[in-house]
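Listed below are the residues making up each chain.
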Amino acid sequence: MSVTVVSHPLVQHKLTIMRMKETSTASFRRLLKEISLLLCYEVTRDLDLTTTMIETPMQPMESPILDGKKLVFASILRAGNGLLEGMLDLVPAARVAHIGLYRDHKTLQPVEYYFKAPEDIVNRLIIVVDPMLATGNSAVEAITKLKERGASNIRFLCLLAAPEGIKHFAEVHPDVPIYTAAIDEKLNEDGYIVPGLGDAGDRMYGTK
Ligand code: URA
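None of these values were measured; they are calculated from a predicted model.

What counts as what
Residues numbered from 1 in each chain as written. Predicted model: local features only at pLDDT ≥ 70, side-chain atom pairs only at ≥ 80, totals over all residues. Heavy atoms only, no water. Core = buried A, V, L, I, M, F, W, Y, C linked by side-chain atoms within 4.5 Å. Buried < 20%, exposed > 50% of the residue type's maximum accessible area, 1.4 Å probe, protein only. Helix = DSSP H or I, 4+ residues; strand = E, 2+ residues; numbered from the N terminus. Contact = heavy atoms within 4.5 Å. Salt bridge = Lys/Arg side-chain N within 4 Å of Asp/Glu carboxyl O. Pairing = 2+ DSSP bridges. Axes fitted to C-alpha atoms, helices over the stretch in contact; angles between N-to-C directions. Phe/Tyr/Trp six-rings, centres within 6.5 Å; stacked < 30°, edge-to-face > 60°. UniProt positions renumbered as here; feature names shortened; annotations may be inferred. 1 Å grid on protein atoms, 1.4 Å probe; cavity = no way out; pocket = protein on both sides within 12 Å on 5 of 7 lines; lining within 4 Å. Polar contact = N/O pair within 3.5 Å; in protein donor to acceptor, adjacent residues only side chain to side chain.

A. Focus on the nonpolar core. Among the nonpolar cores identified, the biggest contains 36 residues, and Leu39, Phe73, Ile127 and Leu159 are the most heavily contacted of them. Of all the secondary structure elements, the ones that give two or more residues to this core are helix H1 (9-19), helix H2 (25-43), helix H3 (80-90), strand E7 (125-129) and helix H6 (200-205). Per-element accounting of this core gives the leading share, 7 residues, to H2. Apart from the residues lying within four places of it in its own chain, the contact partners of phenylalanine 73 are Cys40, Leu84, Met87, Leu88, Val91, Ala94, Arg95, Val96, Ala97 and Ile127. Val128, Ile154, Cys158 and Val176 belong to the second largest nonpolar core, which has 26 residues in total.

Okay, here's the thing in structure tokens:
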């Protein structure tokens, strides 16, 4: 298993402001977009490059270009969409999958209500995004669904992870590296990450 904590000072600073309970919905959303650019930069740091011949105004040159098929960003609805926007700004040609899972608040188990992914995901790198890796149930389920359709090259990107979620995730999908801005202390009895930032979906969309 591999867990990368993105310790970049800008990421850590923005995350602190997002955690603050007095941060407004507008600020939370703006910070999430900004942070997603930085996290996307890290999760794509080692993408394969090839070269192509181009002509600058001065002369021809062989210049680096991304190799392989277009990436797929897979957003676990609804909070995943908060990370998606910035990532698409950075990689505009990426394909997008939407996976609709909500957490049953009693059982904490994921319930699927939507799944739409590009048909040819087999040979693509898929970056699954969800701000909170709490119990890990939703992320595990989303990745299981992608693997059932042939995906094998998958990374998971989140903002905050709980140790319990990382453990569960790594037991089921040890081949999928996790990228996060922080690993928090624990889950509380309601399945929320503490100290955390509250309900990411509610905070970004102002629904509570
Ligand atoms: N989902 C959230 O939005 N927040 C948590 O703390 C856990 C799951």
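B. Here's a closer look at the pattern of salt bridges. Under the defined criterion, the tally for this structure stands at 15 salt bridges. Between lysine 33 and aspartate 89 there is a salt bridge, and its shortest N-O distance comes to 2.9 Å. With a gap of 56 residues between them, lysine 33 in helix H2 and aspartate 89 in helix H3 connect regions that are remote in the sequence. A residue is classified by how much of its surface remains accessible, and lysine 33, at 25% relative accessible area, is partly exposed. Where glutamate 141 meets lysine 145, a salt bridge forms, and the shortest distance between an N and an O atom there is 3.2 Å. Taken as a pair, glutamate 141 and lysine 145 lie in helix H4 (residues 137-148) at a separation of 4 residues, close to a single helical turn. By relative accessible area, glutamate 141 is classed as partly exposed at 26%.

C. Summary view of the sheet that holds strand E9 (residues 153-157). Within the open sheet, the 7 strands sit side by side as E1-E11-E9-E7-E4-E5-E6. Their pairing is mixed. Edge positions in the sheet fall to strand E1 (3-5) and strand E6 (110-116), since each of these pairs with one other strand and no more. Direction aside, neighbouring strands of the sheet carry axes that sit 20 degrees apart on average. In the sheet, strand E4 (residues 72-77) pairs with E7 via 4 bridges, with the strands oriented parallel.

D. Summary view of the packing of aromatic side chains. This model, assessed by the stated rule, comprises 1 aromatic pair. With centroids separated by 5.3 Å and ring planes inclined at 40 degrees, the aromatic side chains of phenylalanine 156 and phenylalanine 169 adopt a geometry described as tilted. Placement of phenylalanine 156 in strand E9 and of phenylalanine 169 in helix H5 (residues 163-172) is noted, with a sequence separation of 13 residues between them. Accessibility classification places phenylalanine 156 together with phenylalanine 169 in one group, the buried group.

E. Just the UniProt feature "binding site: 5-phospho-alpha-D-ribose 1-diphosphate" (unreviewed entry) in the protein, in detail. Those residues carrying the UniProt feature "binding site: 5-phospho-alpha-D-ribose 1-diphosphate" (unreviewed entry) are Arg78, Arg103, Asp130, Pro131, Met132, Leu133, Ala134, Thr135, Gly136, Asn137, Ser138 and Asp199 in this numbering. Of the annotated set, the members that line the largest pocket are Arg78, Arg103, Asp130, Met132, Leu133, Ala134, Thr135, Gly136, Asn137, Ser138 and Asp199. Structurally, threonine 135 is set in the loop between strand E8 (132-133) and H4. Taking the relative accessible area as the measure of exposure, threonine 135 reaches 14% and is therefore buried. Of the polar contacts made by the side chain of threonine 135, one reaches the backbone nitrogen of asparagine 137; its length is 3.1 Å. With respect to the helices and strands, aspartate 199 occurs in the loop between strand E14 (193-194) and H6. Taking the relative accessible area as the measure of exposure, aspartate 199 reaches 24% and is therefore partly exposed.

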